[in-house]
Amino acid sequence: MTEFQRLARALLGEGVTAGKMFGKDALKFESKAIACLLEDTMGFKVGRSSEIMRTALTYPGASLFDPSGQGRPFRDWVSVPDTAMGQWENLLRAALAAAIESDDEPKVS
């Protein structure tokens with residue numbers, strides 16, 4: 001939880017706020033969740049086809065983020081355990097960049 005709070009403070013000036021997702025502590029950008037703390041792992045919404053997703057999935061214990069634990073992972077999210085906590089800030093910054101980029105894309109109707 002201490003690392004979660006440090007990350008929240010580190011990105012506060014960049015539009016990131018603390019909130020909840022599925023009743024768990026989360027970090028949001030413009031009300032959209034970009035990271036979620038789940039027990040001893042942190043999930044990050046970095047995009048399924050991103051290089052950072054491929055890299056993160058190589059960390060020991062990393063997997064697709066499945067907050068329900070029922071085999072229904074979020075395809076754009078990666079779950080990284082606290083054993084790779086040193087990577088969390090980079091992943092959070094990548095999730096923020098992905099959120100900003102998706103906000104900049106024109107909406108197709």
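Above: the structure in question.
All values reported here derive from a predicted model rather than from experimental measurement.

## Overview of the sheet that holds strand 5 (residues 63–65)
- Here 6 strands make up an open sheet; going across it, the order is 1-2-3-4-6-5 and the pairing antiparallel. Each having just a single partner strand, strand 1 (16–21) and strand 5 make up the two edges of the open sheet. With direction set aside, neighbouring strand axes in the sheet form an average angle of 35 degrees.
- Looking at chain direction, strand 4 (residues 41–45) and strand 6 (residues 74–81) are connected through 5 bridges and run antiparallel. Along strand 6, the bridge assignment pairs T41 with P81.
- Helix 1 (residues 2–10) contacts strand 2 (24–29), strand 3 (32–38) and strand 4 of the sheet and is inclined by roughly 15 degrees relative to strand 2.

## Observations regarding the side chain of S79
- Assignment of secondary structure puts S79 in strand 6.
- A distance of 3.4 Å separates the side chain of S79 from the side chain of T41, its partner in a polar contact.
- Not counting residues up to four positions away in its chain, the partners in contact with S79 are T41, M42, G43, G61, A62, S63, L64 and F65.

## Describing the environment of P73
- Along the chain, P73 turns up in the loop between strand 5 and strand 6.
- Along the chain, P73 and S63 lie 10 residues apart, while their C-alpha atoms are 8.9 Å from each other.

## Observations concerning the packing of aromatic side chains
- Taken as a whole and assessed by the stated rule, the structure comprises 5 aromatic pairs.
- Both rings, one in F65 and one in F74, keep their centres 6.1 Å apart while their planes meet at 85 degrees; by these two values the pair is edge-to-face.
- Relative to W77, the ring of F74 has its centre 6.1 Å away and its plane inclined at 75 degrees; by these criteria the two rings are edge-to-face.
- Members of the aromatic cluster, each reached through a chain of ring pairs, are F22, F65, F74 and W77.

The rules behind the values
Residue numbering note: each chain is counted from 1, following its sequence as written. The predicted nature of this model means local features are confined to residues of pLDDT at least 70 and side-chain atom pairs, given and counted, to a pLDDT of 80 or more, with totals for whole chains, interfaces and linings taken over all residues. With hydrogens and water set aside, each side-chain value is computed from the structure's full complement of heavy atoms. Strands are labelled as partners when DSSP assigns at least two bridges between them. Here a helix means four or more residues in a row that DSSP labels H or I, a strand means two or more in a row labelled E, and each is numbered from the N terminus. Interaxial angles span 0 to 180 degrees and are taken between N-to-C directions of axes, which are lines fitted to C-alpha atoms, for helices over the stretch in contact. Only heavy atoms matter for contacts: two residues are in contact if any of them lie within 4.5 Å across the pair. Between N or O atoms, a polar contact is any pair within 3.5 Å; within protein, one atom must be a potential hydrogen donor and the other a potential acceptor, and residues adjacent in sequence are included only when both atoms are from side chains. Stacked, tilted and edge-to-face are the three classes assigned to paired rings of Phe, Tyr and Trp, where Trp is represented by its six-membered ring and a pair needs centres within 6.5 Å; plane angles under 30 degrees give stacked, over 60 edge-to-face, the rest tilted.

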